[in-house]
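For reference, the chains in residue letters:
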Amino acid sequence: VQEDKVEWKRLGDVGEFIRGKRFVKDDMRAEGFPCIHYGELYTHYGVWANEAKSYISEELASRLRKANTGDVVIVSAGETIEDIGNGTAWMGEDDVVIHDACFAFKSDLNPKYVSYFLRTRSFKDQIKPSISSGKISAINATGLGKARIPIPFPNDSLKSQAEQARIVGILDAFDTLTHSLTEGLPREIELRQQQYEYYRDLLLNFPKPDQQPARAS
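For clarity, every value in this text was computed on a predicted model and none was experimentally measured.

1. Brief notes about the pairing of strand β3 (residues 33-36)
(1) Moving on: Residues F33 and C35 point to one face of β3 and P34 and I36 to the other, with burial holding for every one of them.
(2) Moving on: Summarising the sheet, β3 and strand β5 (residues 54-56) pair through three bridges and their orientation is antiparallel. Counted as the bridge partner of F33 is I56 from β5.

Below you can see the structure in the form of structure tokens.
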């Protein structure tokens, strides 16, 4: 995408953050209403998901907050700051309950496009100053909302969605290739992972506003 066809916008300006409500691991079970505990975003979930790993009772779920199809579930707390801010695009047919150390990000953007961007160095560098440190590090909606995401063709929603889908398609292909390699190929896996991360960051590394040349008045 040409530089003048991209605009960096604050996440808080293009979407809304809904924080989950607290439940504990003892509430989780093998069946019931689907839920995502924040710890599972570190150990189980990737860029997107359409099935939950865990469940809670229907009665408890009725009192908690949920992510809808097309939302991006963002983890907001952890023991280290490196993975804070990672997102998983929820593509399941049904809603999913989210833990209070998570946010559901709602926007008109392609959810997988957002999720891929949340894993880039550009995004992580932007949110790092807003992460509170301690035994458990955390970030709030204000901190997340300050981060800017590149929007291709911001004045043409159809072209923007098409370009986001094109980028997602490329990254999906790399992601599938990277994670489909079998055991016994550790070096190949490492190289594929490096290649995937390189292209992910390259595709989503548009010039930031302060790097763009000033336009003639």
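2. Some words on the environment of G46
(1) Moving on: Relative to the helices and strands, G46 is located in the loop between α2 (40-43) and β4 (48-49).
(2) Moving on: Residues G46 and Y116 lie 70 residues apart in sequence; the distance between their C-alpha atoms is 9.6 Å.

3. Some points on the sheet that holds β4
Strand pairing in a sheet relies on backbone hydrogen bonds, with the paired strands running either antiparallel or parallel.
(1) Moving on: Reading across the sheet, the five strands line up as β2-β11-β7-β9-β4 and stay open at both edges, with mixed pairing between neighbours. The strands lining the two open edges of the sheet, one partner per strand, are β2 (15-19) and β4.

4. Focus: the packing of aromatic side chains
(1) Moving on: A full pass over the atoms with the stated rule returns five aromatic pairs.
(2) Moving on: An angle of 80° between the planes, with centres 6.1 Å apart, marks the rings of F17 and F103 as edge-to-face. In this pair, F17 is assigned in strand β2 and F103 in strand β11 (residues 102-107), connecting sequence segments 86 residues apart. Of the two residues, F17 and F103, both sit in the buried class.
(3) Moving on: Judged by relative accessible area, which is 14%, F17 ranks as buried.
(4) Moving on: Joined through ring pairs, the aromatic side chains of W8, F117 and F123 make up one cluster.

5. Considerations on the pairing of strand β13 (residues 148-152)
(1) Moving on: Taking burial as the measure, the five residues of β13 include four buried ones, the bulk of the element.
(2) Moving on: With five bridges connecting them, strand β1 (residues 6-10) and β13 associate as antiparallel partners. Of the residues in β13, the one forming a bridge with W8 is P150.

6. With respect to the environment of E59
(1) Moving on: Here E59 lies in helix α3 (residues 58-61).
(2) Moving on: For E59, a relative accessible area of 48% corresponds to the partly exposed category.
(3) Moving on: In this structure the C-alpha to C-alpha distance between E59 and F33, which are 26 residues apart in sequence, comes to 9.0 Å.
(4) Moving on: Only 3.0 Å separates the side chain of E59 from the side chain of R63, close enough to count as a polar contact.

7. Topic: unusual backbone geometry
(1) Moving on: For F153, which is not a glycine, the phi torsion comes out positive at approximately 45°.
(2) Moving on: Tracing the sequence through the fold places F153 in the loop between β13 and α7 (157-180).
(3) Moving on: When its relative accessible area of 17% is taken as the criterion, F153 is described as buried.

8. Quick word on the sheet that holds strand β10 (residues 96-98)
(1) Moving on: Overall, mixed pairing links the four strands, which are arranged β5-β3-β10-β6 in an open sheet. Both outer strands of the open sheet, β5 and β6 (66-67), are each paired with one neighbouring strand and no more.

9. Let's talk about the pattern of salt bridges
Side chains that differ in charge, positive against negative, can pair when their charged atoms come close.
(1) Moving on: Applying the stated rule across the entire model yields six salt bridges.
(2) Moving on: Of the charged contacts in the structure, one is a salt bridge between D71 and K106, with a shortest N-O distance of 2.6 Å. Of this pair, D71 sits in the loop between β6 and β7 (72-75) while K106 sits in strand β11, and the two are 35 residues apart along the sequence.
(3) Moving on: A salt bridge links R121 to D125, with the shortest nitrogen-to-oxygen separation between them at 3.6 Å. Placement of both R121 and D125 in helix α5 (residues 121-127) is noted, with a separation of four residues, approximately one turn of the helix.
(4) Moving on: A relative accessible area of 47% places R121 in the partly exposed class.
(5) Moving on: Overall, the relative accessible area of 41% leaves D125 in the partly exposed class.

10. Overview of the nonpolar core
(1) Moving on: In this structure, L11, F123, L144 and I149 are the most contacted members of the largest nonpolar core, which totals 32 residues.
(2) Moving on: At the level of secondary structure, the elements contributing two or more residues to this core comprise β1, β7, β11, α4 (111-117), α5, β13, α7 and α8 (186-203).
(3) Moving on: Counting residues in each nonpolar core, the second largest holds 13 residues, with V73, V96, C102 and A104 among its members.

Rules used in this analysis
- Residues numbered from 1 in each chain as written.
- Predicted model: local features only at pLDDT ≥ 70, side-chain atom pairs only at ≥ 80, totals over all residues.
- Heavy atoms only, no water.
- Buried < 20%, exposed > 50% of the residue type's maximum accessible area, 1.4 Å probe, protein only.
- Helix = DSSP H or I, 4+ residues; strand = E, 2+ residues; numbered from the N terminus.
- Pairing = 2+ DSSP bridges.
- Phe/Tyr/Trp six-rings, centres within 6.5 Å; stacked < 30°, edge-to-face > 60°.
- Polar contact = N/O pair within 3.5 Å; in protein donor to acceptor, adjacent residues only side chain to side chain.
- Salt bridge = Lys/Arg side-chain N within 4 Å of Asp/Glu carboxyl O.
- Core = buried A, V, L, I, M, F, W, Y, C linked by side-chain atoms within 4.5 Å.

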